[in-house]
Amino acid sequence: MSSPTGLKRTIGFRDMALFYVASGLSIRWIATAAAAGPSVLFVWIAALVCFFIPLAATVMELSSRYPQEGGMYIWAEQAFGEFAGFITAWTYWMSNVPYFSAVLYFAAASTLFAFGAHGQSLIASPAYFMIYSAGWLAMITLLNIAGLDIGKWLNNVTSMGSILPLGIVIVLGAMSYARFGSVLHFTIAACIPHWSTRNAIFWSGVFFAFAGVESGSAMGDEIRNPRRTIPWALLAGGSIMVIGYIAGTAAMLIAVPAEAVSGPDGLLNGIRALSTHLGLYWLIAPMALLVSLNGIGNAAAFLSSTSRLPFVAGIHNYLPPAFGKVHPRFRTPWVAIAAYGAAGILMALLGQAGTNVRGAYNMLVGMAGLTTFLPYLFMFTALIRVQSRPMEPGALRIPGGKPVAIALATLGLASTVVTIVLSTIPADDDPHPIMAVVKIIGYTSVLLGAGVVLFFIARYKQRKLGLTR
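Residues numbered from 1 in each chain as written. Predicted model: local features only at pLDDT ≥ 70, side-chain atom pairs only at ≥ 80, totals over all residues. Heavy atoms only, no water.

1. Concerning the packing of helix H14 (residues 284-306) against helix H16 (residues 334-350)
No. 1: Between H14 and H16, the least distance of the axes is 9 Å, while the angle of their chain directions is 135 degrees. Taken together, H14 and H16 sit at an angle that is classed as oblique. Where H14 crosses over H16, the two elements pack in a sense that is right-handed. Contacts from Phe302, Leu303 and Thr306 of H14 reach H16 at Ile337, Tyr340 and Gly341.
No. 2: By residue class, the composition of the contact of H14 with H16 is 4 nonpolar, 2 polar and no charged. (Axes fitted to C-alpha atoms, helices over the stretch in contact; angles between N-to-C directions. Helix = DSSP H or I, 4+ residues; strand = E, 2+ residues; numbered from the N terminus. Parallel < 35°, antiparallel > 145°, perpendicular 65-115°, else oblique. Left-handed = near helix turned anticlockwise from the far one by under 90°. Contact = heavy atoms within 4.5 Å. Nonpolar A, V, L, I, M, F, W, Y, C, P; charged D, E, K, R; others polar.)

2. Things to note about the packing of aromatic side chains
No. 1: Taken as a whole and judged by the stated rule, the model has 24 aromatic pairs.
No. 2: When the centroid spacing of 5.1 Å and the interplanar angle of 35 degrees are considered together, the rings of Phe52 and Phe210 count as tilted. Placement of Phe52 in helix H3 (residues 40-65) and of Phe210 in the loop between helix H11 (197-207) and helix H12 (226-255) is noted, with a sequence separation of 158 residues between them.
No. 3: Looking at Phe210, the relative accessible area reads 0%, which means it is buried.
No. 4: Measuring from ring centre to ring centre gives 5.8 Å for Tyr128 and Tyr132, while their planes differ by 55 degrees; the resulting arrangement is tilted. In this pair, Tyr128 and Tyr132 both sit in helix H7 (residues 126-145), 4 residues apart, roughly one turn of the helix. There is no split in this pair, since Tyr128 and Tyr132 are both buried.
No. 5: Through pairs of rings, three or more aromatic residues link up here, namely Phe83, Phe86, Trp90, Trp93, Tyr318, Phe455 and Phe456.
No. 6: One cation-aromatic arrangement involves Arg28 over Phe106; the distance from NZ or CZ to the ring centre is 5.5 Å. (Phe/Tyr/Trp six-rings, centres within 6.5 Å; stacked < 30°, edge-to-face > 60°. Buried < 20%, exposed > 50% of the residue type's maximum accessible area, 1.4 Å probe, protein only. Lys NZ or Arg CZ within 6 Å of the ring centre and 35° of its normal.)

3. A closer look at the pattern of salt bridges
No. 1: Using the criterion set out here, one finds 9 salt bridges in the structure.
No. 2: The partner of Arg308 in a salt bridge is Glu69, and the shortest N-O contact between them spans 3.8 Å. Within this pair, whereas Arg308 is found in helix H15 (residues 308-315), its partner Glu69 is found in the loop between H3 and helix H4 (72-80), the two being separated by 239 residues in sequence.
No. 3: Its relative accessible area of 0% is what places Arg308 among the buried residues. (Salt bridge = Lys/Arg side-chain N within 4 Å of Asp/Glu carboxyl O.)

4. Focus on the environment of Glu214
No. 1: You can see Glu214 is positioned in the loop between H11 and H12.
No. 2: By relative accessible area, which is 1% here, Glu214 ends up buried.
No. 3: For the pair Glu214 and Tyr20, spaced 194 residues apart in sequence, the C-alpha separation works out to 8.9 Å.
No. 4: In contact with Glu214, not counting residues within four places along its chain, are Leu55, Val59, Met72, Trp75, Tyr92, Tyr376 and Met379.
No. 5: At 2.4 Å, the side chain of Glu214 and the side chain of Tyr92 are in polar contact. (Polar contact = N/O pair within 3.5 Å; in protein donor to acceptor, adjacent residues only side chain to side chain.)

5. Observations regarding the environment of Ser121
No. 1: Considering the arrangement of structural elements, one finds Ser121 in the loop between helix H6 (116-120) and H7.
No. 2: A distance of 2.5 Å separates a polar side-chain atom of Ser121 from the backbone oxygen of His118.

6. Thoughts on a nonpolar patch on the surface
No. 1: A cluster of nonpolar side chains, namely Ile45, Val49, Ile53 and Leu411, defines an oily patch on the protein surface of about 300 Å² accessible area.
No. 2: The element best represented in the nonpolar patch is H3, accounting for 3 residues.
No. 3: Mapped onto the elements, Ile45 comes out in helix H3. (Patch = residues over 30% accessible without salt bridge, like charges linked within 9 Å, V, L, I, M, F, W, Y side chains within 5 Å. Areas by Shrake-Rupley, 256 points an atom, 1.4 Å probe, with all protein chains shown as cover.)

7. Quick look at helix H8 (residues 148-158)
No. 1: Taken as a whole, H8 has its buried residues at Leu148, Gly151, Lys152, Leu154, Asn155, Asn156 and Thr158.
No. 2: For H8, the secondary structure elements touched by its buried residues are helix H1 (13-24), H7, helix H9 (160-180), H14 and H15.

8. Description of the side chain of Ser26
No. 1: Among the secondary structure elements, Ser26 is positioned in the loop between H1 and helix H2 (28-34).
No. 2: Ser26 sits in the buried class, given a relative accessible area of 6%.
No. 3: Each residue touching Ser26, except ones within four places of it in the same chain, is listed here: Tyr245, Asn294 and Asn298.

9. Overview of H4
No. 1: With 7 of 9 residues buried, H4 lies mostly within the body of the structure.
No. 2: Of all the residues in H4, the buried ones are Met72, Tyr73, Ile74, Trp75, Ala76, Glu77 and Ala79.
No. 3: Contact partners of the buried residues in H4: H3, helix H5 (82-113), H15 and helix H18 (374-385).

10. Points about unusual backbone geometry
No. 1: For Asn225, which is not glycine, the phi dihedral falls at a positive 50 degrees.
No. 2: Examined against the element boundaries, Asn225 turns out to sit in the loop between H11 and H12.
No. 3: Classification of Asn225 as partly exposed rests on a relative accessible area of 48%.
No. 4: Its identity is not glycine, yet Asn317 carries a phi of approximately 65 degrees, on the positive side.
No. 5: Mapping Asn317 onto the fold places it in the loop between H15 and H16.
No. 6: Residue class for Asn317 comes out partly exposed when judged on its relative accessible area of 26%.

11. Let's talk about the confidence of the model for the protein
No. 1: On average, residues of the protein carry a pLDDT of 87, and 92% of them reach 70 or more.
No. 2: When mean pLDDT is taken per element in the protein, H4 scores highest with 96 and helix H17 (residues 357-368) scores lowest with 51. (pLDDT = per-residue confidence, 0-100.)

12. Observations regarding the packing of H5 against H15
No. 1: Interhelical geometry of H5 versus H15 gives an angle of 145 degrees and a closest axis separation of 9 Å. The handedness of the crossing between H5 and H15 comes out as left-handed. Where H5 abuts H15, its residues Phe86, Ala89, Tyr92 and Trp93 lie against Leu309, Pro310 and Ala313.

13. Observations concerning the environment of Phe86
No. 1: Along the polypeptide, Phe86 turns up in helix H5.
No. 2: You can call Phe86 buried: its relative accessible area is 0%.
No. 3: Taking the C-alpha atoms as reference, Phe86 lies 7.3 Å from Phe455; in sequence the two are 369 residues apart.
No. 4: When sequence neighbours within four positions are dropped, the list of residues in contact with Phe86 reads Tyr73, Trp93, Ala313, Tyr318, Gly451, Leu454 and Phe455.

In structure tokens:
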């Protein structure tokens, strides 16, 4: 079954649902949220209502209106023109380059928990983290070049690194509660979020734990019947995400003291404390390996999907035409995938330059920063913009039609704007807060400026060669 771009349609409902789990359910957030106390359950619900439901509804309708390869690239282009489409894609794919290494550093650290004291001896080894991250990125890249009918199985398998650990944590939490009761005394006052700048910054991060479900639509020409598959898969995968985040956080709150789950290694420290408390020491090693699969799955899902954005940019002549080439045998956008994977590997290696492992991890997370949120501005406003346009036969609208679509998009847009503002505020303990703000805004400005320059250079060449669309 061919697509208009010559790609192979190989992704079905099950693959898409598990893709949403692999890309959207990052179990690192469970411990981070639990360390904040019981009020975080209210924040999860607010994030569900104010961000995830608007985002899921936006993806559902826009992917149904415009099911082509490129996803958000095409949505922004159809709503606002070629410049908006390119900048949306540019900021999204560039913000994901450091993200690959960040989640693989987390996976590398999680793997060490499975090997006890011997494994922990490598926790400060830059060489280990570089080899681990670069090795997995190379494997992910090669599997996706060989075809999504092969690469999708990596997404499917690694999604178990989200579902199984969370299921086990929820069961262990129930067992602990049945045997020992709750370690936390829930009160109305404790469950109500208290405003502070520090809390607000944290809450905005919780909101974006639900991000990622938009990425799958970038593979539109490789999905079987995308107008039907994406909405139902989004409902199934999104339900697992919501249940996993809220129930997993509740289990941690009930069974593990907050101090046991604080810090970057909080999730596995919490799992170790919970397993030890119940006398299930043997669970620690397999749980560590499953948790590492979650990080690998995050990287695999985003690399496989986001690499389709430079592929479409190559077809549109905003990147060198080689990016738009399809492999004659595997029928994959192999140049775009290879270039994107190589950029991720380079970032994994450069991330260690002149710093330690923890410093590299923090730098990689920080680099994704503000640029991660900018594409959502285009997505939500695109949904509002296209409401006056007719639907093609077979396309699905958000239940309730135009008024509901505009209300949800406005709510999602407001959540995104607030998060962007909060993301520029430095941490309370930052010794150089002004410099931190300058770095965030400076990096974002350089990245946006590079995209603008690249667009207009490409536009000039198109006009000179008579290739304007």
